[in-house]
Every structure is written in C-alpha cells, then in structure tokens.
Amino acid sequence: MSILGFLTIKNVILMKGPCKVSALLCTDCQIGLVCSLRRIAVFLKNNFDRSERPPFGARLSCTPGTKCRSVGRFGKPVDSAAKACLWSCFGVLLFLMQGCAIYERLPLEQTIVAARLAPPSMDTVRVQAKEIKHPLLKPIDFDIRNGLSPDEAAVLAVIANPKLRAVRDQRQLAAAQLLQAGILPNPQFSYSLAPPTGGATQGTVNAFNFGLSWEITSIISRGAKIAASKADAASVDLDVAWQEWQAAQAAKLHVYHLGFFDQRLAVARLEEEGLKENLDRVRRATELGYLTRIDLAVADAALQKMHTTVLTTEQQREEERLALNQSLGFPDEQSVPLEQQIEPPSSKSLPAAAQLIEGIEKRRLDLLALKHGYQGQEERLRAAILAQFPKINIGFSHAGDNTNVITTGFGITIDLPLFDRNQGAIAIESATRARLFDEYVSRLFEARGEVARILADINSLQRQAEAAENSIPILQNVVESYRMALLQGNADVLTYYNARADLITKRLELIDLKRQLADMHVALEIAAGRYLRR
C-alpha cells in the first residue's frame with residue numbers, strides 16, 4: 001500500500017482537511033485511494049492462495065528438512081495475516097470511497113423549534129441593521145425607543161421574519177446543485193479471479209482479470225452544465241432578495257396602516273364622546289319639553305352609529321397589529337410601539353413615469369432573476385445539444401488465463417445513436433427556453449404598465465385628498481351654523497346631526513385617502529424596484 005494512500009486513510013478517518021465538510025472525497029483522497037486500491041489488487045493477484053497450490057505468480061519453496069511454503073513473485077513469503085489485513089483495508093477503502101460527509105441529526109424537538117421562533121434581541125437587530133447587505137435595502141441606525149418607523153420595520157422584517165429563513169435555504173440547494181454539476185462520473189474498477197477447481201488442472205494457474213474504465217463524453221457537456229448551475233444560483237440569489245424586498249415593503253405597509261388606524265380611531269372616539277354629551281343634553285331638553293322624542297331618537301341613533309364605527313376600527317387595527325407582528329417575527333401578544341404622526345410620502349417629489357420606467361429591467365430583482373434563469377436555460381439547451389455526441393467509454397485491462405498467458409489491452413465502447421439522439425431532451429429544453437423568453441418579455445411589459453398605472457392612481461388620490469382637506473373647514477362652519485340655529489330654535493336636531501355626520505365622514509375619508517396614498521407609494525417602490533425620496 002502506498003504511503004500516500006495510508007496517510008489519506010488516516011486523515012479521512014480522523015476527519016482532517018477538506019474532507020470534513022465535503023460531500024465527496026477531495027482530490028488528494030481520490031489519488032491516494034486509487035493508488036492504494038491498485039497496490040491491493042496487485043498484491044491479491046500475486047499472493048492469493050487457495051488450497052495448497054501456489055497462487056498466480058508464486059512458487060513452492062522447499063528446503064531439506066522443512067515444509068514447502070508459497071512465496072511471492074519477488075521471493076517473499078505469503079503471509080496470511082497480511083492478506084487478511086489487506087482485505088480489511090480493501091473493504092475500508094471501498095467504504096470511504098462513498099464520501100467524507102458526516103451525518104448530523106436535526107430533530108424537530110420543541111426546544112429547538114422554540115429557539116428558532118424566538119425573535120432576536122434588539123441589540124442584535126441594531127448591529128445587523130447597520131451591516132445589512134441587500135441590493136435595495138440600505139443600512140440604517142435602528143432605534144425603536146421613539147417608536148417603530150416604516151423604514152425600521154422594513155429592515156427588521158428582513159432580519160427577523162422566520163419565513164425568510166426558509167426562503168434563504170434555497171441558496172444552499174442552489175450551491176449543492178452547482179457542486180453536483182461539476183462532478184465527473186467515477187471511473188470503474190473491476191477485478192476478477194478464477195482459480196481452477198476441477199478437471200485437468202495439472203500445470204494450470206489462477207486466472208485473473210482487472211481493468212479500469214471511464215466515460216470520457218461527460219467532459220463534453222460539463223462546462224455547459226456548470227454555467228447553467230451558476231446562472232441558476234445567481235437567479236436564486238436574486239429571487240431571495242426580491243422576496244426579502246417584498247417582505248420589507250409589506251412590513252412598512254403594516255406600519256402605515258396601523259398609524260392611520262390610530263388616527264381614524266382617535267377621530268371616531270372623540271366624536272363618540274361629543275355625541276354622548278349631546279345625547280345627555282337632548283335628553284334633559286326632552287324632559288323639560290323643549291325637544292321631542294323624535295329629536296332624542298335622532299341623537300341616540302347618531303351615537304350608536306359612531307359607536308359601531310369605533311368598534312369596527314378597533315377590530316381592523318387589531319388585525320393589522322397581528323399582521324405586523326407576523327411580518328416582524330414577533331409573538332402575537334407583543335405590542336410594538338409606533339412612531340408618532342406617521343404620514344404618507346409626498347407625491348410632489350416623485351419622478352416622472354419615463355424616469356421610473358427607464359432601466360427598470362436592471363433594477364427589478366424579479367426581472368434580473370428571470371434573466372439569469374433564462375441564461376441558465378440557454379446553457380441547459382447547449383448541454384442537451386452537446387449530449388447528442390455518442391457516449392464513449394474507454395478502459396484498460398490486464399488479464400491472465402489458466403495457462404499463465406498474460407494480456408494487457410485497451411478497450412473502447414461507443415453508443416450507436418440509431419434511435420436515441422437526445423432529441424427528446426433537446427425539444428424539452430428548447431420549449432422551456434421559448435417559454436422563459438416570452439415570460440420575461442411579458443413580465444417586463446407588465447412592470448412598465450404597472451408603474452404608469454400606479455402613478456396615475458397616486459395623482460388621482462392626491463387630488464381627492466386635497467379636495468377633502470379643503471372641504472373640512474367648510475363643513476365645520478356648516479356644523480357650527482346649524483348648532484347656533486338649533487340653540488335659537490331656527491333648525492331641527494335632524495339637520496344638525498346630518499351636518500355633523502357629513503363632517504366626521506369627510507374626516508375619516510381624508511384619513512382613508514392618506515392610507516391609500518401610502519399603499520400606492522409602497523406599490524410604486526416595488527414596481528419601480530427602487531427607493532423613492534420622501
């Protein structure tokens with residue numbers, strides 16, 4: 001056995017060197033094991049002993065007064081213990097040829113799952129937020145002591161969301177596929193031994209045959225397969241980044257929604273308190289005979305309607321709070337403080353549609369991922385075309401028959417492409433490439449149209465919000481006028497409450513319009529593939 005092979009076995013058993021983390025044997029291990037297997041095969045060929053006959057290449061050595069013994073081709077005695085040891089080493093080597101990976105258990109135990117579900121500490125988030133590396137998200141100074149801002153929620157979601165951890169595992173799968181694409185098929189080693197067992201065995205020896213062969217055509221498509229796997233790995237990285245970007249924008253949107261629900265709830269509760277006070281005054285006036293029961297019913301109906309609005313808004317806010325906790329990876333019972341006075345971004349500083357559409361295919365991560373996927377499909381089609389080349393297997397053999405005739409030869413096996421010329425695989429890869437091409441064109445067309453549509457919606461919502469904001473002072477004057485007229489007896493209660501209902505409806509409408517503007521701004525950032533200035 002070679003020294004290199006022995007040292008290789010020792011290193012593999014002790015898990016030294018690169019084999020500890022490799023799914024297959026490293027290059028040094030492969031060379032050492034092949035040399036060791038060759039030495040073992042030669043030794044077994046020369047020293048295999050069956051019954052009392054000398055093995056192939058051996059002879060009987062007899063001296064007066066001693067027992068005859070078998071010796072090898074070089075005059076060395078055949079040691080049965082050495083043969084047993086080499087057979088054991090041969091089995092160990094065959095076992096080690098399976099690879100150097102180590103199995104590690106990862107049980108789905110409650111403690112392990114709970115540890116994975118636990119949100120990271122704020123100190124850890126603060127450090128990771130300053131060091132985050134993402135094509136679109138930028139590092140920020142994370143500090144939620146003054147409340148969580150939309151941008152802080154976006155970064156926190158990327159860091160702590162458990163769903164994104166599972167998405168990032170796709171990178172490991174892509175790396176494994178890239179590793180597999182570069183691995184060549186193993187050479188095949190064969191050995192056989194045929195000792196005479198009956199008949200005219202006088203003067204015969206043990207027949208043997210061992211050979212080494214390898215399929216050389218695997219080299220032809222190896223480059224294309226590696227290029228395809230590299231493009232796929234880049235596509236997976238971009239797709240993961242795109243999903244992270246969407247999760248970040250979703251968390252930002254939840255913060256906007258919560259802020260606007262707080263504003264809506266504050267307005268509704270304030271109006272509810274005012275209506276309670278009015279109901280008490282109307283009830284006292286009814287008891288004194290200044291107002292009728294119809295006026296009392298109108299006041300009570302207005303209060304009940306506003307109370308329903310408060311309850312509905314509280315339910316919507318709670319659902320939004322739970323959605324925010326889910327996106328941030330926080331438990332449902334945890335309360336996250338928000339930044340005060342959250343307002344939608346200004347629409348006046350938005351770029352024109354032509355500026356946002358220009359170069360969108362270089363910014364949108366999903367389009368870039370699809371482009372790399374198309375490049376990978378190009379390489380797979382090229383690999384399928386190269387695979388038309390007939391498979392060629394070359395090998396060398398060394399054999400000896402029972403008459404002690406030794407032969408050394410060369411062999412080659414070639415597939416005859418009469419039926420299977422890989423035409424099926426070529427057709428599949430070609431059709432897949434055509435589908436990816438059309439999908440990329442369709443996605444690009446859709447992205448450009450989406451930017452234009454969102455900008456049109458933002459302009460329309462902005463005009464509606466300005467109109468609602470301008471109408472609120474007018475409605476306030478109307479309500480105040482009706483209130484004074486009601487006190488003077490020149491207006492009825494129903495008219496006053498209708499005017500007051502119109503005012504509160506307009507205030508709530510303005511808050512909803514601001515929420516829709518925030519939705520459109522976030523949607524525009526996603527569609528354009530870039531952050532927009534506030």
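Residues numbered from 1 in each chain as written. Predicted model: local features only at pLDDT ≥ 70, side-chain atom pairs only at ≥ 80, totals over all residues. Heavy atoms only, no water.

### Regarding the overall build of the protein
This is how it is decided: Secondary structure is summarised from DSSP: a helix means a run of H or I of at least four residues, a strand means a run of E of at least two, and numbering begins at the N terminus for each. Contacts are residue-level and defined by heavy atoms, with any inter-residue pair within 4.5 Å sufficient. With residues, only the protein chains shown are counted as cover, and all accessible areas are computed by Shrake-Rupley using a 1.4 Å probe.
Along the backbone of the protein there are 14 helices and six strands. Residue pairs in contact within the protein that sit at least 24 positions apart in sequence constitute 75% of those at least 6 positions apart. Accessible area of the protein: about 31100 Å², with a carbon and sulfur share of 57%.

### Section: helix 14 (residues 493-528)
An α-helical segment advances 3.6 residues per turn. Residues three or four places apart therefore align on the same side. Inclusion rule: One less than the number of residues in a helix, times 1.5 Å, gives the span that helix is expected to have. Each polar contact in these results corresponds to two N or O atoms within 3.5 Å; when the atoms are within protein, one needs to be able to donate a hydrogen and the other to accept it, and residues that are neighboring in sequence are counted only if both atoms are side-chain atoms.
Helix length check: helix 14, at 36 residues, gives a terminal C-alpha distance of 52 Å against a target of 52 Å (1.5 Å per residue), a fit within 8%. Measuring from the backbone nitrogen of L494 back to the side-chain oxygen at the start of helix 14 gives 3.1 Å, which picks out D492 as the cap. At the exit of helix 14 stands G529, carrying a positive phi of roughly 70°.

### Section: the pattern of salt bridges
We count it as follows: Whenever Lys or Arg places a side-chain nitrogen within 4 Å of a carboxyl oxygen from Asp or Glu, that contact is recorded as a salt bridge. Only protein chains enter the calculation, and the probe is 1.4 Å; a residue is then buried if its accessible area is under 20% of its type maximum, exposed if over 50%, and partly exposed in between.
Considering all chains together, one arrives at 26 salt bridges under this definition. The shortest N-O distance in the salt bridge between E318 and R321 comes to 2.8 Å. A residue pair is termed a helical-turn pair when its members lie 3 or 4 positions apart in one helix, as E318 and R321 do in helix 9 (residues 293-328) at three residues. Between R435 and E439 there is a salt bridge; the shortest N-O distance is 3.3 Å. Taken together, the positions of R435 and E439, both in helix 13 (residues 423-487) and four residues apart, correspond to about one turn of that helix. Classification of R435 as partly exposed rests on a relative accessible area of 48%. Salt bridges linked by common partners bring R364, D366, R435, E439 and R443 together as one network.

### Observations regarding the layout of surface pockets
To keep things clear, this is the line we draw: Residues are called lining when one of their atoms sits within 4 Å of a cavity or pocket point, these points coming from a 1 Å grid over the protein atoms alone, where a cavity is a set in which a 1.4 Å probe fits but cannot get out and a pocket is an open set with protein on both sides within 12 Å along at least five of seven lines. Grid points are joined across faces, edges and corners, and a volume is the space filled by probe spheres set on the points. Lys, Arg, Asp and Glu make up the charged group, whereas Ala, Val, Leu, Ile, Met, Phe, Trp, Tyr, Cys and Pro make up the nonpolar group; the residues left over, Gly among them, are polar.
Roughly 650 Å³ of volume is contained in the second largest pocket. In this structure, the second largest pocket is lined by 32 residues; those nearest its centre are S221, K225, A383, A387 and K391. Elements supplying a minimum of two residues to the lining of the second largest pocket: helix 7 (162-181), helix 8 (222-288) and helix 12 (365-386). Among the elements that take part in the lining of the second largest pocket, helix 8 stands out by supplying six residues, more than any other. Its residues assigned to classes, the lining of the second largest pocket shows 15 nonpolar, seven polar and 10 charged.

### Section: the environment of I159
With respect to the secondary-structure elements, I159 resides in helix 6 (residues 150-160). Considered as a pair, I159 and E244 are 85 residues apart in the sequence and their alpha carbons are 9.3 Å apart. Setting aside residues up to four positions removed in sequence, I159 forms contacts with V125, Q128 and A129.

### Details of the environment of F437
Position of F437 among the secondary structure elements: in helix 13. For F437, a relative accessible area of 45% translates into the label partly exposed. F437 sits 64 residues away from G373 along the chain, and the two C-alpha atoms are 9.9 Å apart.

### Describing the sheet that holds strand 6 (residues 406-414)
Let me state the cut-off plainly: Here a strand pair is declared whenever DSSP counts at least two bridges between the two strands. Note on method: axes are straight lines fitted to C-alpha atoms, helices fitted across the in-contact stretch only, with angles between N-to-C directions ranging 0 to 180 degrees.
Sheet architecture is open: four strands sit in the order 3-4-5-6, paired in antiparallel fashion. Since the sheet does not close on itself, it has two edges, and those belong to strand 3 (188-194) and strand 6, each with one partner. Each adjacent strand pair in this sheet contributes to an overall mean axis angle of 15°, direction not counted. Bridge analysis of strand 3 against strand 4 (residues 207-215) gives seven bridges, and the strand direction is antiparallel. Note that in strand 4 the partner of Q188 across the bridge is S213.

### Some details on the pairing of strand 5 (residues 392-400)
Alignment of strand 4 against strand 5, held across eight bridges, turns out to be antiparallel. The residue bridging E215 from the neighbouring strand is N393, located in strand 5.

### Some thoughts on the confidence of the model for the protein
For any part of a model where pLDDT is low, the fine detail of the predicted coordinates should not be relied upon. Selection rule: The pLDDT score gives, residue by residue, the confidence of the prediction method on a 0 to 100 scale.
Mean pLDDT over the protein: 82, with 81% of residues reaching 70 or higher. When the elements of the protein are averaged for pLDDT, helix 1 (residues 3-13) gives the smallest value, 42, and helix 12 the largest, 94. Every residue in residues 1-25 is under pLDDT 50, and counting partners more than four places away or in other chains gives 51 contacts. For residues 48-61, every residue scores under 50 in pLDDT, and the model assigns this stretch 42 contacts once sequence neighbours within four places are set aside.

### Some details on the side chain of K252
Mapping K252 onto the fold places it in helix 8. For K252, a relative accessible area of 0% gives the class buried. A distance of 3.1 Å separates a polar atom in the side chain of K252 from a polar atom in the side chain of E525.

### Things to note about a nonpolar patch on the surface
Condition: Each patch groups residues whose relative accessible area exceeds 30% and which form no salt bridge, using 9 Å between like charges and 5 Å between nonpolar side chains of Val, Leu, Ile, Met, Phe, Trp and Tyr.
A cluster of nonpolar side chains, contributed by F396, F410, I412 and I414, occupies part of the molecular surface with about 440 Å² of accessible area. Here the element with the most residues in the nonpolar patch is strand 6; it accounts for three residues. As for its placement among the helices and strands, I412 is situated in strand 6.

### Let's talk about the packing of aromatic side chains
As a reminder of what qualifies: For Phe, Tyr and Trp, rings pair up if their centres lie within 6.5 Å, where Trp contributes its six-membered ring, and each pair is then called stacked (planes under 30 degrees apart), edge-to-face (over 60) or tilted (otherwise).
All chains considered together, the criterion is met by seven aromatic pairs. An angle of 55° between the planes, with centres 5.9 Å apart, marks the rings of Y374 and F437 as tilted. Separated by 63 residues along the polypeptide, Y374 in helix 12 and F437 in helix 13 bring together distant segments of the chain. A connected cluster of aromatic rings, assembled from ring pairs, spans F189, Y191, F208 and F210.

### Re the packing of helix 7 against helix 8
Here is the rule: For classification, angles of less than 35 degrees are called roughly parallel, those exceeding 145 degrees roughly antiparallel, those between 65 and 115 degrees roughly perpendicular, and all remaining angles oblique.
Between helix 7 and helix 8, the least distance of the axes is 8 Å, while the angle of their chain directions is 175°. When the axis of helix 7 is compared with that of helix 8, the two are roughly antiparallel. Classifying every residue of the contact of helix 7 with helix 8 gives 11 nonpolar, four polar and eight charged.

### What to know about unusual backbone geometry
With a phi angle near 70°, N404 is a residue other than glycine that sits in the positive phi range. Turning to its location among the elements, N404 is positioned in the loop between strand 5 and strand 6. Backbone geometry at N422 places phi at a positive 65°, although glycine is not the residue there. Relative to the helices and strands, N422 is located in the loop between strand 6 and helix 13.

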